[in-house]
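Chain by chain, the residues:
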Amino acid sequence: MIRRPAGQTWRQFLAAQAHAIAACDFLVVETVLLKRLYVLVFIEHGTRRVHLAGVTANSTGAWTVQQCACR
């Protein structure tokens, strides 16, 4: 559990730690040929950069772990 310093709001805490915070998300993309692709991206909050981790037509747990391990 993350504890923020006393006297500091969550907004201030998150702003101070933004360089170390990352998030990930799955996107589903429907192609022109009606195929579904799964896209895994990572987002750096400090720089607001988006990193493409991988794209697949068959998303599995093993594939996701492999993509995360490569980053």
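Residues numbered from 1 in each chain as written. Predicted model: local features only at pLDDT ≥ 70, side-chain atom pairs only at ≥ 80, totals over all residues. Heavy atoms only, no water.

As for the side chain of Gln 67
Following the sequence through the fold, Gln 67 ends up in helix α2 (residues 61–69). Judged by relative accessible area, Gln 67 falls into the buried class, the value being 12%. Apart from residues lying up to four places away in sequence, Gln 67 is in contact with Leu 40, Ala 53 and Gly 54. (Helix = DSSP H or I, 4+ residues; strand = E, 2+ residues; numbered from the N terminus. Buried < 20%, exposed > 50% of the residue type's maximum accessible area, 1.4 Å probe, protein only. Contact = heavy atoms within 4.5 Å.)

Quick notes on the sheet that holds strand β2 (residues 36–44)
Here we have 3 strands laid out as an open sheet, ordered β1-β2-β3, and antiparallel in their pairing. Edge positions in the open sheet fall to β1 (22–30) and β3 (49–56), since each of these has one partner strand only. Strand-to-strand twist in this sheet, taken as the mean axis angle between neighbours without regard to direction, amounts to 25°. Pairing of β2 with β3 involves 7 bridges; the strand directions are antiparallel. What sits directly across from Ile 43, in β3, is Val 50. (Pairing = 2+ DSSP bridges. Axes fitted to C-alpha atoms, helices over the stretch in contact; angles between N-to-C directions.)

Nothing here speaks to function; it is all geometry.
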